[in-house]
Structure formats: structure tokens, C-alpha cells
Amino acid sequence: MGAKVRYIITFFGDVQGVGFRFTACHAAQAYSCTGWVRNEYDGSVTMEIQGTEAEINKVLERIEKGCFISIDRIDKKSIATVDDEWGFDTKW
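Since the model is a prediction, treat every value here as computed from it, not as a measurement. (Residues numbered from 1 in each chain as written. Predicted model: local features only at pLDDT ≥ 70, side-chain atom pairs only at ≥ 80, totals over all residues. Heavy atoms only, no water.)

K.L.:
How would you explain the overall build of the protein chain if you had to name every residue and give the values?
P.N.:
Looking only at helices and strands, the protein chain features two helices and five strands. Relative to its length of 92 residues, the protein chain is compact, with a C-alpha radius of gyration of 12 Å against a globular reference of 12 Å. In terms of overall dimensions, the protein chain has a C-alpha envelope of 35 × 25 × 20 Å along the principal axes. Per-residue burial over the protein chain gives 39% buried out of 92 residues. Contacts in the protein chain between residues far apart in sequence, at least 24 positions, make up 78% of those at least 6 positions apart. Surface accessibility of the protein chain: about 5,500 Å² in total, with carbon and sulfur atoms responsible for 51%. (Helix = DSSP H or I, 4+ residues; strand = E, 2+ residues; numbered from the N terminus. Rg over C-alpha atoms; globule rule 2.2 N^0.38 Å. Buried < 20%, exposed > 50% of the residue type's maximum accessible area, 1.4 Å probe, protein only. Contact = heavy atoms within 4.5 Å. Areas by Shrake-Rupley, 256 points an atom, 1.4 Å probe, with all protein chains shown as cover.)

Here it is in C-alpha cells:
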């Protein structure tokens, strides 16, 4: 299976108003990842996601294939995992 890891990822490009958070939420749930996603005031989207490397990579692949989503750059940083976290949510 693999060890759980957690990343904070910021997406830049055409990522707001194009269903990004909806796509990210459904992809994360489909691959049993936990965390959250939210729009930022600068037009980027931030996501904290926890799962195995393979699960997270599948989520990212699905997001990149989303209709109307155009990612110019991704900043990804490893952070500490969160115990007892359930689900993946959209933050406002």
C-alpha cells in the first residue's frame, strides 16, 4: 500500500471559476485522500492533501485533465501528516 504523506500544494493559472475545487474534491474522495481545497485571493488555489504518493499522483492527474482547468505552475511542499482526519472538503 504505502506510507501516508501530506502536501500543501498551490496551483496557479486558470484555476478559479472553472470547477477546480469540485474536481479536486471528487478526485480526492475517489482515491481515499483526505484534506481540503480553497480559493485564494490572488487567484490561485491551495490544497492540503494526505494519502499515499500513488493516490495523490492519481488525484493530481485527474485534476489536470479537468475541463476548463489550465494549470501554469504547481508549488508542492511536504508537511506533517494529520492523524484521525476523515474526508476531503472545500474550504471557503
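K.L.:
Could you give an account of helix α1 (residues 20-30), naming the residues involved and the relevant values?
P.N.:
Within the span of α1, buried status applies to F20, R21, T23, A24, C25, A27 and A28. Along its buried surface, α1 packs onto β1 (5-14), β2 (34-39), β3 (45-51), α2 (53-64), β4 (70-79) and β5 (88-90). Of the residues one or two after α1, S32 is the one with positive phi, at around 60°.

Take it as geometry only, folks, not as evidence of what the structure does.
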